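# Fold and geometry: a report
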Amino acid sequence: MGHFEKHLSDEELLLAIDSELPGSRAKEVEEHLSGCWDCRARKQNLEKTIGNFVEARHAEFDTQVQPSAGLRALLKANLELIAAQPVAKEKAPVTVLRSTRVRRAVIVAFSTAAAIAFIIGGVERTRIQSSAVYAEGPLEPRPTLTPGAVRTVNAAEVCGASIEAHKELLAIPASVKEEVFREYGMSAARPQYFEIDFLITPELGGSNEIRNLWPEPYRAPVWNAHVKDQLENKLRDMVCNGEIDLATAQHDIAADWILAYKKYFHTDRPL
């Protein structure tokens, strides 16, 4: 492979990427790239850097966003690669390369990248701070806020009711959910990580009053909303099979649902 004393400038490579070179020069640049590994590698690095900027710009600021440290490292690595490439002392006299528009575009591109990194860094710091406090949430409700509340029903009514009969009770308004988070001092928590759950489920005669609702975590590693669902089904089956009475089931799940799980499933950890 031949050695090239004169390499393409970054501005010229950017114009080539955007297909903005004049026809004759575009052909020369294409021929140069076909034989110059250095310039071809720099062009690929520029394209990769631009692609990363675009992806970062359009990424949603959620659990899927890259950590700010990772984004800054990626940006720094790509810029260092570009800066490390040899630059010719003499460049081809192409007037368009020195245009104010191209220089402004380059400055704006890198300024935008820095701004994106700064913004995402701030969002990521907020996410980390929030997750440190709210990643799991309260495993059990606070008795002062959620002591539990029941409707006036008996075991026959509970066992004879269908799922459809509880739809109205299960439909918790968004305003009530927000109030539950506020009561627990969790206004900054991510709602998708929690179930605004009934301490005493409607299938056991629980009401939809706010004192029977609490933010139960989905993501807690051991005791979480999915595990409590198992207990709720177990207790309803036991009530309907005559193994325990309804009042006992309501009391046990409201007093300490984790202890009730261990008691009725005869285990110290979720099945």
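Below or above, wherever it landed, is the structure these notes cover. (Residues numbered from 1 in each chain as written. Predicted model: local features only at pLDDT ≥ 70, side-chain atom pairs only at ≥ 80, totals over all residues. Heavy atoms only, no water.)

Among covalent bonds in proteins, the disulfide is the one between the sulfur atoms of two cysteines. One pass over the full model with this rule turns up 1 disulfide. With its sulfur 2.1 Å from that of its partner, Cys159 forms a disulfide with Cys240. Between Cys159 and Cys240, the S-S dihedral sits near -100°, and the bridge is therefore left-handed. Of the two residues, Cys159 is situated in helix H6 (residues 155-160) and Cys240 in helix H9 (residues 225-240); the sequence distance between them amounts to 81 residues. Left unpaired, Cys36 is separated from the closest cysteine sulfur, that of Cys39, by 3.6 Å. (Disulfide = S-S within 2.5 Å. Helix = DSSP H or I, 4+ residues; strand = E, 2+ residues; numbered from the N terminus.)

Moving on, we get to the packing of helix H10 (residues 246-255) against helix H11 (residues 257-265). Packing of H10 against H11 leaves a shortest axis separation of 5 Å and a crossing angle of 125°. The angle between H10 and H11 places the two elements in the oblique class. Two secondary-structure elements touch here, H10 through Thr248, Asp252, Ile253 and Ala255 and H11 through Trp257, Ala260, Lys263 and Tyr264. In terms of residue class, the contact of H10 with H11 is built from 5 nonpolar, 1 polar and 2 charged. (Axes fitted to C-alpha atoms, helices over the stretch in contact; angles between N-to-C directions. Parallel < 35°, antiparallel > 145°, perpendicular 65-115°, else oblique. Contact = heavy atoms within 4.5 Å. Nonpolar A, V, L, I, M, F, W, Y, C, P; charged D, E, K, R; others polar.)

Note that Lys43 resides in helix H3 (residues 37-58). For Lys43, the contacting residues outside a window of four places in its chain are Leu13, Ile17 and Leu33.

This next bit is on the pattern of salt bridges. Within this structure, the stated rule accounts for 7 salt bridges. Between Asp10 and Arg42 there is a salt bridge, with its nearest N and O atoms 2.7 Å apart. Placement of Asp10 in helix H1 (residues 10-17) and of Arg42 in helix H3 is noted, with a sequence separation of 32 residues between them. Of the residues examined, Arg42 reaches a relative accessible area of 3% and is grouped as buried. Of the charged contacts in the structure, one is a salt bridge between Glu12 and Arg25, with a shortest N-O distance of 2.4 Å. Of the two residues, Glu12 is situated in helix H1 and Arg25 in helix H2 (residues 23-35); the sequence distance between them amounts to 13 residues. Here Glu12 and Arg25 have matching classes, each one buried. One continuous salt-bridge network, built from bridges that share partners, spans Glu12, Arg25 and Glu28. (Salt bridge = Lys/Arg side-chain N within 4 Å of Asp/Glu carboxyl O. Buried < 20%, exposed > 50% of the residue type's maximum accessible area, 1.4 Å probe, protein only.)

Leu204, Leu231, Leu235, Ile244, Trp257 and Tyr264 are the most contacted members of the largest nonpolar core, which totals 32 residues. Elements with a minimum of two residues in this core: helix H8 (174-183), strand S1 (194-198), strand S2 (213-217), H9, H10 and H11. Leave out the neighbours within four places in its chain, and Leu231 touches Ile253, Trp257, Ala260, Tyr261, Tyr264 and Phe265. One finds Leu8, Val29, Cys39 and Leu46 within the second-largest nonpolar core, a separate group that totals 10 residues. (Core = buried A, V, L, I, M, F, W, Y, C linked by side-chain atoms within 4.5 Å.)

What follows is about the packing of aromatic side chains. Enumeration over the complete set of coordinates arrives at 4 aromatic pairs. Centre to centre, the rings of Phe181 and Phe194 are 5.9 Å apart; their planes meet at 80°, and the pair counts as edge-to-face. Of this pair, Phe181 sits in helix H8 while Phe194 is found in strand S1, placing the two residues 13 residues apart along the sequence. Ring geometry for Trp223 versus Trp257: centroids 6.0 Å apart, planes at 80°, classification edge-to-face. Here Trp257 lies in helix H11 and Trp223 lies in the loop between S2 and H9, a separation of 34 residues in the sequence. Each of the two residues, Trp223 as well as Trp257, counts as buried. Three or more aromatic residues joined by ring pairs make a cluster, and in this case those are Trp223, Trp257, Tyr261 and Phe265. Directly above the ring of Tyr193 sits Arg219, whose terminal nitrogen or CZ lies 4.3 Å from the centroid. The ring of Phe265 has Lys234 lying over it, and the distance from NZ or CZ to the ring centre is 5.6 Å. (Phe/Tyr/Trp six-rings, centres within 6.5 Å; stacked < 30°, edge-to-face > 60°. Lys NZ or Arg CZ within 6 Å of the ring centre and 35° of its normal.)

Positionally, Leu13 belongs in helix H1. Look at Leu13 and you get buried, because its relative accessible area is 0%. Here the alpha-carbon distance between Leu13 and Cys39, two residues 26 residues apart in the chain, equals 8.2 Å. If sequence neighbours within four positions are ignored, Leu13 has contacts with Leu8, Leu33, Cys39, Arg42, Lys43 and Leu46.

Another aspect to go through is unusual backbone geometry. In the Ramachandran plot, His266 falls in the positive-phi region, its phi being about 55° despite a non-glycine side chain. One can find His266 in the segment after H11. For His266, a relative accessible area of 71% gives the class exposed.

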